[in-house]
Amino acid sequence: MPDMDKAVARLNKALGNKEKILVYGDYDVDGTTAVSLVYKYLQPYSSTLDYYVPDRYDEGYGISYKGIDYAAENGVSLIISLDCGIKAIDKVEYAKEKGIDFIICDHHMPDDTLPDAVAVLDAKRLDSKYPYEHLSGCGVGFKFMQAFAKSNNFPEADLEKLLDLTAVSIASDIVPITGENRILAYYGLKQLNTNPSLGLKGIIDVCGLTNKEITISDIVFKIGPRINASGRMMNGKEAVDLFLSKDSVIAKEKSENINQYNDERRELDKRITDEANAIIDRFNNMEDRKTIVVYDATWHKGVIGIVASRLTEKYYRPAVVLTKSSELITGSARSVTGFNIYKAIESCRDLLENFGGHTYAAGLSLREENLEAFTKRFSELAAKEIITEQMTPQLDVDAVLELKDITPKLVNELRKMNPFGPDNHKPIFCTLGVKDFGTSKLVGKELEHIKLELIDSTSQTPIHGIAFGMHTHSEHIKTMKPFNICYIIEENTYNGNTNVQLMVKDIKTDYT
């Protein structure tokens, strides 16, 4: 990786000279896990190590002047930034004026000009020949510590114990689970399931995942949102405090606090999503719009990214959700398959104060007087690039099966493809002409889901399935007429018994 030799040399020099080092990271899951991993690994080699997580509301995303001032006031001469810093040209210059060096570890898209840091570690650099460019921010931190360990002939076993943090970052930051990420996630999940750190064990317990095999999905939907809630509702530093905890009582207390923040976050994002939907309902020409841009100065900055995701899921259009923060309008953007939202926002850079992100998720800030021009240009660009097919969710079927094909051997083969995630999704299968065994029924508080027991012409032994939110198909299913299903094959453990279950993604009742 470009600059890795420089980064390792500067870190070795700092440790040799007993310099004060500040480990600095973003307030989301990727940033807080990265700070925790690097801090934990370096702690035995330095008595002058500190960490810093900026406040989302007071300082905003990335490197802040306040953070650099904190470093200067505390005699820090080296800052290691994680999951941020790739565009912090002015901030790095400001730090240099104060005699502070920077090693930047990031995975976001760089500009043509890089900050004048001692080292800039980012596999997305244009001059990078590193064989895998999709590492998470914590993944880049892991590679830095790996290179540091090699340079000193330290055993890597101590570092590998921290892969549980890397797996949490990979799953939560929605990076592709291919190549090196898949390997890091595989061994990280092993660590998470056998010997997680006290902090992660605390989160696992409050999630109700104790004594269950934790998967990527569990991290995405249960563990990650709780860690994120710390940075959304309070301060991400609390998550790092938890990860670094060596006392089980304190870890339990901090985990319960973070769980409470997550409950508050849920209520908040539901209310704001409802308000955003109400704005969209007032759009005159929604069916003709290729994108959604909504703004309310009172919305809570900590949940607008979640709201943008919900709008994209519901309307299947790129969504930008904006609110007021200090003197600027700030926002989060989410995209649909095939539309690079980072590039679209980059094309409006003359109207923006700041922006950054990935192909399908980005953040931005702008002055209020530029809001109308940004909305117009962004919408026009989307209208030119997005085709109708991109605004319709699609299921790509991997294979057509008969129910007799769903055997323990097949389930075992599928298990070998774990861990699943972006760019390595669970295979979707289709079976044609299934029928109700006669025992399928509606379930859920509002009877909105269908618990299925299905047969087809090849198998009269019913197989279980669940179809969330598909109650409208119930009447057809009861008629015992055939229908088609798309599904994922899963294993469901209940009361110690493990059975195969079909997670139904779609039902087509007009069977022909």
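Please read all numbers here as calculations on a predicted model, not as lab measurements.

*Asks:* Give a detailed account of the overall build of the chain, specifying residues and quantitative values.
*Replies:* Summing up its helical and strand segments, the chain has 17 helices and 17 strands in all. A globule of 512 residues ought to have a C-alpha radius of gyration of about 24 Å, and the chain, at 24 Å, matches this closely. By its C-alpha atoms, the chain is 75 × 55 × 45 Å across when sized along the principal axes. For the chain, buried positions account for 53% of its 512 residues. Relative to all contacts within the chain whose residues are 6 or more apart in sequence, the contacts with residues 24 or more apart total 65%. If you sum the accessible surface of the chain, you get close to 23800 Å²; carbon and sulfur atoms cover 49% of it. Mean positive and mean negative side-chain charge positions of the chain (61 and 75 charges, respectively) differ by 3 Å.

*Asks:* I'd like a description of the nonpolar core, backed by residues and values.
*Replies:* Counting 89 residues, the largest nonpolar core has Phe-144, Ile-223, Val-294 and Leu-311 as the members making the most contacts within it. Discounting residues that sit within four places of it in the chain, Val-294 has contacts with Ala-276, Ile-279, Ile-280, Phe-283, Trp-299, Leu-311, Val-320, Val-321 and Leu-322. One finds Ile-345, Cys-348, Phe-374 and Phe-378 within the second-largest nonpolar core, a separate group that totals 24 residues.

*Asks:* Lay out the side chain of Ser-77 with the relevant residues and their values.
*Replies:* The residue Ser-77 is located in strand β3 (residues 76-82) in this model. When near neighbours in sequence (up to four residues on either side) are disregarded, Ser-77 contacts Arg-10, Glu-19, Lys-20, Gly-99, Ile-100 and Asp-101.

*Asks:* Tell me about the environment of Leu-121, residues and numbers included.
*Replies:* Position of Leu-121 relative to the elements: it lies in strand β5 (residues 119-121). Placed 353 residues apart in sequence, Leu-121 and Ser-474 show a C-alpha to C-alpha distance of 54 Å.

*Asks:* Help me get a handle on the environment of Asn-492, residues and values and all.
*Replies:* Structurally, the position occupied by Asn-492 is in strand β16 (residues 483-494). With 417 residues separating them along the chain, Asn-492 and Gly-75 place their C-alpha atoms 54 Å apart. Those residues within four positions of Asn-492 in sequence are excluded, and the remaining contacts are Asn-497, Thr-498, Asn-499 and Gln-501.

*Asks:* Give a detailed account of the pattern of salt bridges, specifying residues and quantitative values.
*Replies:* All chains considered together, the criterion is met by 33 salt bridges. In this structure, Arg-367 and Glu-353 form a salt bridge, with 3.5 Å as the shortest nitrogen-oxygen distance. Of this pair, Arg-367 sits in the loop between β10 (361-366) and α15 (371-385) while Glu-353 is found in the loop between α14 (341-346) and β9 (354-357), placing the two residues 14 residues apart along the sequence. Classification of Arg-367 by relative accessible area gives partly exposed; the value is 36%. Accessibility expressed as a relative area gives 40% for Glu-353, which makes it partly exposed.

Conventions adopted
- Residues numbered from 1 in each chain as written.
- Predicted model: local features only at pLDDT ≥ 70, side-chain atom pairs only at ≥ 80, totals over all residues.
- Heavy atoms only, no water.
- Helix = DSSP H or I, 4+ residues; strand = E, 2+ residues; numbered from the N terminus.
- Rg over C-alpha atoms; globule rule 2.2 N^0.38 Å.
- Buried < 20%, exposed > 50% of the residue type's maximum accessible area, 1.4 Å probe, protein only.
- Contact = heavy atoms within 4.5 Å.
- Areas by Shrake-Rupley, 256 points an atom, 1.4 Å probe, with all protein chains shown as cover.
- Lys, Arg positive; Asp, Glu negative; His and termini not counted.
- Charge placed at Lys NZ, Arg CZ, Asp CG, Glu CD.
- Core = buried A, V, L, I, M, F, W, Y, C linked by side-chain atoms within 4.5 Å.
- Salt bridge = Lys/Arg side-chain N within 4 Å of Asp/Glu carboxyl O.

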